[in-house]
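Here is how the chains run, residue by residue.
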Amino acid sequence: MSRTAKLTFEGREIELPVEESTEGELAVDVSKLRDAMGMVTLDQSLANTAICRSEITFIDGDQGILRYRGIPIEQLVDRPNFVEIAWLLIFGHLPNRDELAAFSENLSNNQLLHEGLRHQFQHIPVDAPPMAILSAMLNNLACFHQELLSVDDTEQFAHAAARLISKVRTIAAFSYRRSRGLPIIHPDPALRYCANFLHMMFSVPYRHYVIDPEIEDALNLIFILHADHEQNCSTATVRTVGSARANLFASCAAGVCALWGPLHGGANVEVVRMLEEIAAGGLQPEECIRMAKDKQSNFRLYGFGHRVYKNYDPRAKILRDVCDRVFTRIQVRDPLLDIARKLEELALADSYFVDRKLYPNVDFYSGILLRAMGIPTNMFTVCFAIGRLPGWIAHWKEQHDDPASRIIRPRQVYIGVKQTDYAPMNER
Ligand code: CMC
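Here goes a summary of the coordinates provided. (Residues numbered from 1 in each chain as written. Predicted model: local features only at pLDDT ≥ 70, side-chain atom pairs only at ≥ 80, totals over all residues. Heavy atoms only, no water.)

**A closer look at the sheet that holds strand β6 (residues 71-72)**
Picture the strands of a sheet paired through backbone hydrogen bonds; they go either parallel or antiparallel.
For step 1, the next point in the chain: Overall, antiparallel pairing links the 3 strands, which are arranged β4-β5-β6 in an open sheet. The two strands at the open ends of the sheet, each matched to only one other strand, are β4 (57-60) and β6.
For step 2, the next point in the chain: Of the strand pairs in this sheet, strand β5 (residues 65-68) and β6 are connected by 2 bridges, and their pairing is antiparallel. Within β6, the residue paired with R67 across the bridge is P72. (Pairing = 2+ DSSP bridges. Helix = DSSP H or I, 4+ residues; strand = E, 2+ residues; numbered from the N terminus.)

Following this line, the structure appears as structure tokens:
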């Protein structure tokens, strides 16, 4: 039996369809409200609005649950590799041996950049923000792969997806090499996805970087934990751009721009900057907590709080434990980890954070782990983007294939002046 919710307003009434998600969450469908009642819904920042139906990722923010295509994130920690998870998210099921081999080969065949694109790195200022480079270069892929601007069949789409997932590493590593004035290191098709990225980042022409399996595994885990997170700001951006039928390259480039912001993926940079300041003695952990609570201050405790999680972010929990394991195994000691733990302890004992249900999010511990791999702070959000790319692609595809999807075009409540007349310059 179909369920409805009644809305009454000034003597008029409408029954709105109520839809239930697989996990039992209810959604009131207001799409016909304006036609029937002449009113729109106001939901500032879309905090309580579902913009689509999706089968990709499930989050229960109250309980701290995250699942990719139904699989709990905790089950993805030790076993699979990132490429497998990318496939899972994009194509909806775990790949069999042949599918994974074919996809991996597709990635290997596409890891080089077109020479025209590679030459563009020479004209970018050495101190350019890597996220600006990444967004520009992903968009630029559209210039060099024009045959993939419209993807009409699954094979074409798989080529476009493989190009993005493979080349994003090459672009990221080249931007780092450029910033250091180091020669570019080309990808090595014999290496696995994460090892290849580390090779392009850290090898030199006369000496191959020795890849520590512990570091490779940790990077693989970081990419998996970032691979999708349903309708976050950057994914919603990718969907919005894609809803205008913009191509996959342009849509993902827009996702990078959204991710760059410090309230989103850029938070991993802010966390480490804050921890470094504390380590240098410029700031005390107690002072951070005090400032974060002060509404007159612009300070935020980066790496804390989340729109959806009102509990510990399961990704942060995994990363916190992995930090310990990796640091012990590679025999690194980073004072920033102790400071982070101290901050977490102070925050979780403070009523401001407890009452607002503010817990560590994925960005709180990821930077500390990336630092241990030798990845510089300004590349942290780029690493987030490499991890998130399969999620963006999966959402772009889901929307592209959904016959019910329309251009995303929200409404507004206009609060500007009523009609007024144009005044000539001499009358103003
Ligand atoms: N430090 C201090 N106060 C905070 C924080 C924080 N990190 N986060 C939220 N609050 C306060 C906020 O001021 C508000 O207080 P009040 O009720 O007194 O007005 C209350 O908690 C509710 O927060 P909100 O602003 O309604 O939360 P939101 O859903 O709009 O924003 C957020 C979510 C993630 C942008 C926010 O928590 C934040 O700015 N956190 C720091 C940045 C960060 O770590 N971002 C990464 C998010 S997770 C991964 C990702 O998406 O990239």
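**Focus on the packing of aromatic side chains**
For step 1, the next point in the chain: Following the criterion strictly, the structure yields 17 aromatic pairs and no others.
For step 2, the next point in the chain: Here the aromatic rings of F82 and F223 are separated by 5.3 Å at their centres, their planes lie at 50°, and the arrangement is tilted. Residue F82 is found in helix α2 (residues 82-91), and its partner F223 is found in helix α8 (residues 213-226); the two are separated by 141 residues along the sequence.
For step 3, the next point in the chain: Assessed through its relative accessible area of 1%, F82 is described here as buried.
For step 4, the next point in the chain: Between R169 and the ring centre of Y193, over which it is positioned, the NZ or CZ distance is 4.2 Å. (Phe/Tyr/Trp six-rings, centres within 6.5 Å; stacked < 30°, edge-to-face > 60°. Buried < 20%, exposed > 50% of the residue type's maximum accessible area, 1.4 Å probe, protein only. Lys NZ or Arg CZ within 6 Å of the ring centre and 35° of its normal.)

**Comments concerning the packing of helix α13 (residues 314-329) against helix α14 (residues 335-348)**
For step 1, the next point in the chain: Across the interface, α13 lies against α14 with an axial gap of 12 Å and an inter-helix angle of 155°. Compared by their axis directions, α13 and α14 come out roughly antiparallel. Between α13 and α14 lies a crossing whose hand is left-handed. Between α13, through R320, C323, D324 and F327, and α14, the contact on the second element is made entirely by L337, R341 and E344. (Axes fitted to C-alpha atoms, helices over the stretch in contact; angles between N-to-C directions. Parallel < 35°, antiparallel > 145°, perpendicular 65-115°, else oblique. Left-handed = near helix turned anticlockwise from the far one by under 90°. Contact = heavy atoms within 4.5 Å.)

**A few points about the pattern of salt bridges**
For step 1, the next point in the chain: Counting across every chain of the model gives 19 salt bridges.
For step 2, the next point in the chain: With a closest N to O distance of 3.9 Å, E270 and R273 form a salt bridge. Separated by 3 residues within a single helix, E270 and R273 lie in helix α11 (residues 267-279), roughly one turn from each other.
For step 3, the next point in the chain: On the accessibility criterion, R273 (45% relative accessible area) is partly exposed. (Salt bridge = Lys/Arg side-chain N within 4 Å of Asp/Glu carboxyl O.)

**Quick look at unusual backbone geometry**
For step 1, the next point in the chain: Here the phi dihedral of S45 falls at roughly 60°; this positive angle occurs in a residue that is not glycine.
For step 2, the next point in the chain: Note on placement: S45 falls in the loop between α1 (33-37) and β4.
For step 3, the next point in the chain: Of note, the phi angle at L46 is positive, near 55°, even though the residue is not glycine.

**Regarding the sheet that holds strand β2 (residues 12-20)**
For step 1, the next point in the chain: The antiparallel open sheet is built from 3 strands, whose spatial order is β1-β2-β3. Both edges of this open sheet fall to β1 (3-9) and β3 (26-28), since each of them pairs with a single strand only. With direction set aside, neighbouring strand axes in the sheet form an average angle of 30°.
For step 2, the next point in the chain: Here β1 runs beside β2; their pairing, made up of 7 bridges, is antiparallel. From the neighbouring strand, L7 faces β2, where its bridge partner is I14.

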